[in-house]
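What the coordinates show
Chain residues, written in single-letter form:
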Amino acid sequence: MNDKTPPDDASPLVFPCQFPIKVMGENTPGFEAEVVMVARRHIPSLGEGAIRSRPSRNAKYLAITITFTATSREQLDALYLDFNALPAVRMVL
């Protein structure tokens, strides 16, 4: 390994940091509540003001943005995995 190769755990993020995560999926009853429930499993201090949602133009899909203080790369990885495991989720950014 040369001097310019970052270690395997290198991340451009410095924790803790403010981090927005966007979950997009089918706009079905209970979708937003399900996403928030998963988020609260990993972010216990999540407040209502940290959650914004916006339907697509035809209201078929819903985009939910959650901005929170991320504490570690492991926390982010776990969130992405759990969100992607939800059947109605189409994309997580």
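Residues numbered from 1 in each chain as written. Predicted model: local features only at pLDDT ≥ 70, side-chain atom pairs only at ≥ 80, totals over all residues. Heavy atoms only, no water.

Secondary structure assignment for the protein chain yields 2 helices and 4 strands. Of the regular secondary structure in the protein chain, the N- to C-terminal order runs β-α-β-β-α-β. Across the 93 residues in the protein chain, those meeting the buried criterion constitute 32%. Of the contacts formed within the protein chain by residues at least 6 apart in sequence, a portion of 70% connects residues at least 24 apart. Accessible surface, the protein chain: about 6,300 Å² in total, of which carbon and sulfur atoms supply 55%. (Helix = DSSP H or I, 4+ residues; strand = E, 2+ residues; numbered from the N terminus. Buried < 20%, exposed > 50% of the residue type's maximum accessible area, 1.4 Å probe, protein only. Contact = heavy atoms within 4.5 Å. Areas by Shrake-Rupley, 256 points an atom, 1.4 Å probe, with all protein chains shown as cover.)

This paragraph deals with the pattern of salt bridges. Counted according to the given criterion, the structure contains 4 salt bridges. Residues E26 and R90 are paired through a salt bridge, measuring 2.0 Å at the closest nitrogen-oxygen approach. Highlighted residues: E26 in strand β1 (residues 17–26) and R90 in strand β4 (residues 89–92), separated in sequence by 64 residues. Looking at R90, the relative accessible area reads 47%, which means it is partly exposed. We note a salt bridge from D82 to R41, for which the minimum N-O separation is 3.6 Å. Here D82 is found in helix α2 (residues 73–84), whereas its partner R41 is found in helix α1 (residues 31–42), with 41 residues between them in sequence. (Salt bridge = Lys/Arg side-chain N within 4 Å of Asp/Glu carboxyl O.)

Take the sheet that holds β4 next. Strand order in the open sheet made by the 4 strands is β2-β3-β1-β4, with antiparallel pairing throughout. Every interior strand has two partners, whereas the edge strands, β2 (51–55) and β4, have only one. Averaged over all pairs of adjacent strands, the angle between strand axes in this sheet comes to 20°, irrespective of strand direction. Taken together, the 3 bridges between β1 and β4 define a ladder with antiparallel strand orientation. The residue bridging V23 from the neighbouring strand is V92, located in β4. (Pairing = 2+ DSSP bridges. Axes fitted to C-alpha atoms, helices over the stretch in contact; angles between N-to-C directions.)

Orientation of α1 relative to α2, taken along the N-to-C sense of each, is 155°, at an axis distance of 10 Å. Compared by their axis directions, α1 and α2 come out roughly antiparallel. By crossing handedness, the relation of α1 to α2 is classed as right-handed. Here V35, V38, A39, R41 and H42 of α1 lie close against α2, whose contacting residues are Q75, A78, L79, D82 and F83. (Parallel < 35°, antiparallel > 145°, perpendicular 65-115°, else oblique. Left-handed = near helix turned anticlockwise from the far one by under 90°.)

Helix length check: α1, at 12 residues, gives a terminal C-alpha distance of 18 Å against a target of 16 Å (1.5 Å per residue), a fit within 8%. Taken together, the buried positions of α1 are F31, V35, V36, V38 and A39. With its buried residues spanning 160° around the axis, α1 presents them on a single face. Pointing more than 90 degrees away from the buried face of α1 are the exposed residues A33, M37 and R41. As for α1, its buried residues are in contact with β1, β2, β3 (61–70), α2 and β4. (Expected span 1.5 Å × (residues − 1). Arc of directions from axis to C-beta.)

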